Amino acid sequence: MLETMRNAWKVEDIRKKLIFTIVILLLYRIGNAVPVPYVDTANLALYFQQLENTVLGLWNTMSGGAFSQATIFALSIQPYINASIIMQLLTIAIPALERLSKEGGEEGRKKIASITRYVTVLIGLLQGFAYYMLIRNNGLLTADGETLWAAIVIVLTFTSGSAIIMWLGEQITEFGIGNGISVILFASIVSRFPSGIATMVTNLSNWFKVRSGALTLDALTSSYTSQGYSEAVAAEQAQRVLDSALAPWTLALVLVGALALVILIVIVNDAERRIPVQYSKRVVGRKMYGGQSTNLPLKVNMSGVMPIIFAQSLASLPATICMLFGITQYSTGFWGGFLRVFNSSSVLYAIIYLLLIIFFAYFYSTIQFNPIEVANNLKKNGGFIPGIRPGRPTSEYLSKVLNKITLFGAIYLSIVAVAPIIISICSTSAANCGVNLGGTSIIIVVSVALETVRALEAQMIMRNYKGFLE
């Protein structure tokens with residue numbers, strides 16, 4: 001990977017694209033540091049410490065910490081992802097949109113992209129209003145933030161931020177390297193790694209202090225009380241510090257698990273099923289063509305990391321709805337219990353998350369690979385799969401193979417994303433270390449890194465290809 005980056009930097013055209021991508025990411029990180037007016041960011045950060053292992057904590061990770069700081073990019077890429085989900089589902093459900101995407105060519109794709117942008121702004125407006133309601137109902141606004149004008153400014157700022165991120169992602173896709181939205185998501189997650197490592201080190205240090213008796217509940221409570229916290233809040237904060245103490249063997253297991261996870265992701269990401277294809281000989285004029293053997297490669301994980309990203313967006317929908325009405329997992333009554341059931345550390349959330357990942361894995365493989373179209377192309381060019389008749393039998397065989405490898409890829413994605421959640425449910429130490437967010441973050445980071453490296457390699461091959469004229 002480092003060798004690929006070094007070789008790519010030597011090519012002037014690719015170097016310009018890399019610099020452009022880096023500049024866009026710097027602008028994105030600057031926007032992540034600019035807070036929205038009328039919000040008490042200090043108390044908001046304290047409030048989000050209690051929600052670290054919830055769906056809102058997951059949103060905060062995906063936004064690079066901007067969500068807990070109420071910056072202009074707090075909504076991150078969630079509105080765009082949700083809009084993409086809606087448009088892709090509507091493209092299948094509505095014949096007019098399906099014709100536009102398949103037969104409209106480049107103009108049709110531009111129209112669908114334009115509609116997706118409008119839907120992104122609309123969803124950003126709804127999520128921005130929901131986030132404002134959460135902030136207001138928890139008393140996290142400043143003294144002059146209770147007015148209607150303040151509400152309009154906050155909601156429109158959040159909405160504008162989501163639209164700007166969408167535009168930045170499109171600029172990377174067009175003028176930079178890789179898929180823009182994936183690269184921005186990659187940057188958001190990676191930016192949280194230093195603070196995550198620092199938290200692990202602190203929790204490990206606290207474990208040794210607790211074992212030696214240097215850190216006790218009474219001492220921590222007194223320390224927080226002297227800082228101005230009420231007795232109830234001080235006791236809660238002190239207990240949270242003690243609960244977060246991380247044993248050395250737990251940290252070792254987490255690191256070994258993360259390394260094994262990276263290796264698994266790399267192996268499966270490159271795995272493919274190669275279907276042998278034979279081309280029959282045919283005479284054109286005085287020349288004979290065909291007769292060669294080749295193969296049709298089918299990626300095991302054809303849909304990449306998109307099923308996980310889309311599944312997260314839909315699985316967090318109950319939290320968005322509850323946030324719209326200012327309901328948190330600490331609220332009483334039916335809706336408070338409803339949100340606790342759909343919390344990211346609950347068994348039901350893990351089940352729903354798993355089913356959504358499997359659904360989107362099949363959904364994306366269906367979009368990307370059409371067995372009927374491939375079978376027809378093979379038949380037109382005189383190709384066939386040994387032992388399978390051309391035409392419909394070939395398409396049925398390809399569908400069967402596609403379903404098998406898609407199932408394997410979906411199970412792989414589900415295990416990587418859901419297993420850490422199950423571990424965190426069963427283990428308090430694992431939950432305190434934030435491992436329930438680790439599987440998803442690692443697979444996104446590794447997958448996007450591999451895809452970006454492939455994009456760089458493709459750019460270099462295209463520019464260094466030596467044709468027959470040389």
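This one's a predicted model, so the numbers in the text were calculated from it and none came from an experiment. (Residues numbered from 1 in each chain as written. Predicted model: local features only at pLDDT ≥ 70, side-chain atom pairs only at ≥ 80, totals over all residues. Heavy atoms only, no water.)

### Here we look at the environment of serine 346
- Relative to the assigned elements, serine 346 resides in the loop between helix H17 (333-341) and helix H18 (347-368).
- The exposure class of serine 346 is buried, given its relative accessible area of 12%.
- In this structure the C-alpha to C-alpha distance between serine 346 and isoleucine 421, which are 75 residues apart in sequence, comes to 8.2 Å. (Helix = DSSP H or I, 4+ residues; strand = E, 2+ residues; numbered from the N terminus. Buried < 20%, exposed > 50% of the residue type's maximum accessible area, 1.4 Å probe, protein only.)

### Re the nonpolar core
- Counting residues in each nonpolar core, the largest one holds 47 residues, and the members touching the most others are Ile184, Tyr353, Ile443 and Ile444.
- The element that contributes the greatest number of residues to this core is H18, accounting for eight residues.
- In contact with tyrosine 353, not counting residues within four places along its chain, are Ile308, Ala311, Gln312, Ala417, Val418, Ile421 and Thr440.
- Counting 21 residues, the second-largest nonpolar core is a separate cluster that includes Leu75, Ile135, Leu141 and Ala151. (Core = buried A, V, L, I, M, F, W, Y, C linked by side-chain atoms within 4.5 Å. Contact = heavy atoms within 4.5 Å.)

### Re the packing of aromatic side chains
- Summed over the entire model, instances satisfying the criterion amount to 10 aromatic pairs.
- Each ring, one from tyrosine 28 and one from phenylalanine 73, has its centre 5.7 Å from the other, and the planes form 15 degrees; the classification is stacked. With tyrosine 28 in helix H2 (residues 12-32) and phenylalanine 73 in the loop between helix H5 (66-69) and helix H6 (78-93), the pair connects residues that are 45 residues apart, well separated along the chain.
- The class of tyrosine 28 is buried, set by a relative accessible area of 0%.
- The exposure class assigned to phenylalanine 73 is buried, which follows from its relative accessible area of 3%.
- Ring centres 5.1 Å apart and planes at 85 degrees place the aromatic pair tryptophan 207 and phenylalanine 208 in the edge-to-face group.
- Assessed through its relative accessible area of 16%, tryptophan 207 is described here as buried.
- A residue is classified by how much of its surface remains accessible, and phenylalanine 208, at 46% relative accessible area, is partly exposed.
- In textbook terms, an aromatic cluster arises when at least three aromatic residues are bridged by ring pairs, as seen for Phe359, Phe360, Phe363 and Tyr364. (Phe/Tyr/Trp six-rings, centres within 6.5 Å; stacked < 30°, edge-to-face > 60°.)

### Here we look at the packing of H6 against H18
- H18 packs onto H6 with a crossing angle of 60 degrees between their chain directions and a minimal axis gap of 12 Å. The angle between H6 and H18 falls in the class oblique. The two elements H6 and H18 cross, and the hand of that crossing is left-handed. Seen from H6, the contacting residues are Ile85, Gln88, Leu89 and Ile92; seen from H18, they are Phe360, Phe363, Tyr364 and Ile367.
- Of the residues that constitute the contact of H6 with H18, the class distribution is seven nonpolar, one polar and no charged. (Axes fitted to C-alpha atoms, helices over the stretch in contact; angles between N-to-C directions. Parallel < 35°, antiparallel > 145°, perpendicular 65-115°, else oblique. Left-handed = near helix turned anticlockwise from the far one by under 90°. Nonpolar A, V, L, I, M, F, W, Y, C, P; charged D, E, K, R; others polar.)

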